[in-house]
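Breakdown of the fold
For reference, the chains in residue letters:
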Amino acid sequence: MADASGTSALLTVEHLTMRFGGLTAIDDLSFSAEAGGITAIIGPNGAGKTTVFNCLTGFYKPTEGRLTLRRPKGAALLLERMEGFRIAQHGVARTFQNIRLFADMSCLENLMVAQHNHLMRASGYSVFGLLGLPNFKQAEADAVDLSAQWLERVGLLDQADAPAGSLPYGAQRQLEIARAMCTKPALLCLDEPAAGLNPRESAALNELLVSIRNEYGIGLLLIEHDMSVVMGISDHVVVLDYGRKIADGTPDDVRNDEAVIRAYLGEEEDAELPPEIADDLQSPEPR
């Protein structure tokens, strides 16, 4: 059901602008992402994709713009007005291009850490935990169960006690997504989740992300260079170039968009030259 603004989108980005001194990294960007949908943000290197994520997740305060998150059965939240840690507490989870697991902690401990806020509240900020009260014991058992469910989901249950840093690279990627899901997010932001994966691992990633969308009904927002991932699983694609949106639509729409082709491949060498340049090139050299 649409709200007063006329949209039912989980996330609405309106006129997002991010400047660093004289550099405009994001220039008047607007798009929306639906709950139960996968939205990909793509573009050449330096297009501003990660800057968008940093604004959404509180690492940067936007220079201008409104970022609205509408959780089911909750009031709309203006992310640009919130502290970064509050954004995470209200249902926005993120993974990073460079994996940020706690390498020396076990796989299980990494997923338990993701539930720290919930466990701290259940423990009365340590008092109930120290007293061993039943409510905290139940919350702790539930956290272990959730962690085990996600370890099983990504095929790592038998590695629960292994250090996260000892896992193969592809397994670490899956563990990072499992950790994010243990926060029970409304919006999962994935920064190049297929980076460094081989084709088999990319296919497994696709399967995992589609299953999350289908089973949990949350919104997934991803930055990705691997077009087999983007075109294979996305419902909606937003294309950036030099911080500006140049295309916004379905994968098929974007795949055939001339502006997108130019942004990725550059102008064709045999493209027709502007008349004034063509005339200059064709004029005889002065004697």
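What you see is a predicted model, and the numbers here were worked out from it, not measured in a lab.

In terms of regular secondary structure, the protein chain is built from 12 helices and 10 strands. Counting contacts in the protein chain only where the partners sit at least 6 residues apart, residues at least 24 apart contribute 65% of the total. When the accessible surface of the protein chain is totalled, it reaches about 15400 Å², and 51% of it is carbon and sulfur.

Here helix α1 (residues 49–56) lies mainly inside the structure; seven of its eight residues are buried. Within the sequence span of α1, burial applies to Lys-49, Thr-51, Val-52, Phe-53, Asn-54, Cys-55 and Leu-56. Count one or two residues on from α1 and you reach Gly-58, which has phi positive near 90 degrees.

A word on the packing of aromatic side chains. Applying the stated criterion across every chain yields a total of three aromatic pairs. On the numbers, 5.8 Å between centres and 85 degrees between planes, the contact of Phe-59 with Phe-96 is edge-to-face. Remark: Phe-96 occurs in the loop between β6 (92–95) and α3 (107–113) and Phe-59 occurs in the loop between α1 and β4 (64–70); sequence separation between them is 37 residues. The exposure class assigned to Phe-59 is partly exposed, which follows from its relative accessible area of 49%. Over the face of the ring belonging to Phe-96 we find Arg-100, whose NZ or CZ atom lies 3.9 Å from the ring centre.

In this section: the confidence of the model for the protein chain. With 84% of its residues at a pLDDT of 70 or more, the protein chain has an overall mean of 87. Taken together, the stretch residues 280–287 has pLDDT below 50 and engages in one contact with residues farther than four places along the chain or on a different chain.

This next bit is on helix α8 (residues 199–216). Taking 1.5 Å per residue, 18 residues should reach 26 Å; α8 reaches 26 Å between its end C-alpha atoms and fits that length. Burial in α8 covers these residues: Glu-201, Ser-202, Leu-205, Asn-206, Leu-208, Leu-209, Ser-211, Ile-212 and Arg-213. Looking at where α8 begins, the residue whose side-chain oxygen comes 3.1 Å from the main-chain nitrogen of Arg-200 is Asn-198. Note on α8: the residue one or two positions beyond its end, Gly-217, has a positive phi of about 65 degrees.

Turning our eyes to something else, we now look at the environment of Ala-47. By the element assignment, Ala-47 lies in the loop between β3 (38–42) and α1. When residues no more than four places from it in sequence are discounted, the contact partners of Ala-47 are Ala-25, Leu-240, Asp-241, Tyr-242 and Gly-243.

Right, let's get into the sheet that holds strand β7 (residues 187–191). If you walk across this open sheet you meet the six strands as β6-β7-β8-β3-β9-β10, and the pairing is mixed. Each edge of the open sheet is held by one strand with a lone partner, namely β6 and β10 (244–249). Between one strand axis and the next, the sheet turns through 15 degrees on average, direction left out of account. For β7 and strand β8 (residues 219–223), the ladder comprises five bridges, and the chain directions are parallel. Among the inter-strand pairings, Leu-188 is bridged to a residue of β8, identified as Leu-220.

On to the nonpolar core, then. Counting residues in hydrophobic clusters, the biggest one holds 41 residues, and the most contacted among them are Trp-150, Leu-175 and Leu-188. The greatest single-element share of this core, amounting to six residues, is contributed by helix α7 (residues 169–181). Counting 29 residues, the second-largest nonpolar core is a separate cluster that includes Leu-29, Ala-33, Phe-53 and Leu-56.

Rules behind the numbers
Here the residue index of a chain counts from 1 through its sequence in written order. At least 70 in pLDDT is required for a residue's local features to be given in this predicted model, at least 80 for side-chain atom pairs to be given and counted, and no such filter applies to totals for whole chains, interfaces and linings, which use all residues. Note that the side-chain values use all heavy atoms of the structure and ignore hydrogens as well as water. Numbering of helices and strands runs from the N terminus; a helix is a DSSP stretch of H or I covering at least four residues, while a strand is a stretch of E covering at least two. Contacts are residue-level and defined by heavy atoms, with any inter-residue pair within 4.5 Å sufficient. Shrake-Rupley sampling with a 1.4 Å probe provides the accessible areas, and residues are treated as covered by the protein chains on show and by no other component. Summary of the burial criterion: residues with accessible area below 20% of their type's maximum are buried, those above 50% are exposed, and those between are partly exposed, where the area comes from a 1.4 Å probe applied to protein chains only. Only Phe, Tyr and Trp rings are paired, with Trp represented by its six-membered ring, and only when their centres lie within 6.5 Å; those with planes under 30 degrees apart are stacked, over 60 edge-to-face, the remainder tilted. The criterion is that NZ of a Lys, or CZ of an Arg, lies within 6 Å of the ring centre and within 35 degrees of the ring normal, and then a charge sits over that ring. Every residue carries a pLDDT, the predictor's confidence in it, which falls somewhere between 0 and 100. In this scheme, a helix's expected span is set at 1.5 Å multiplied by one less than its residue total. By the criterion applied in these results, polar contacts are pairs of N or O atoms within 3.5 Å in which, for protein atoms, one can donate a hydrogen and the other can accept it, and in which residues neighboring in sequence qualify only through two side-chain atoms. The criterion for strand pairing is that DSSP finds at least two bridges linking the strands in question. Axis lines are fitted through C-alpha atoms, for helices just across the contact stretch, and the angle between N-to-C directions can take any value from 0 to 180 degrees. Buried Ala, Val, Leu, Ile, Met, Phe, Trp, Tyr and Cys residues form a nonpolar core when they are joined through side-chain atoms within 4.5 Å.

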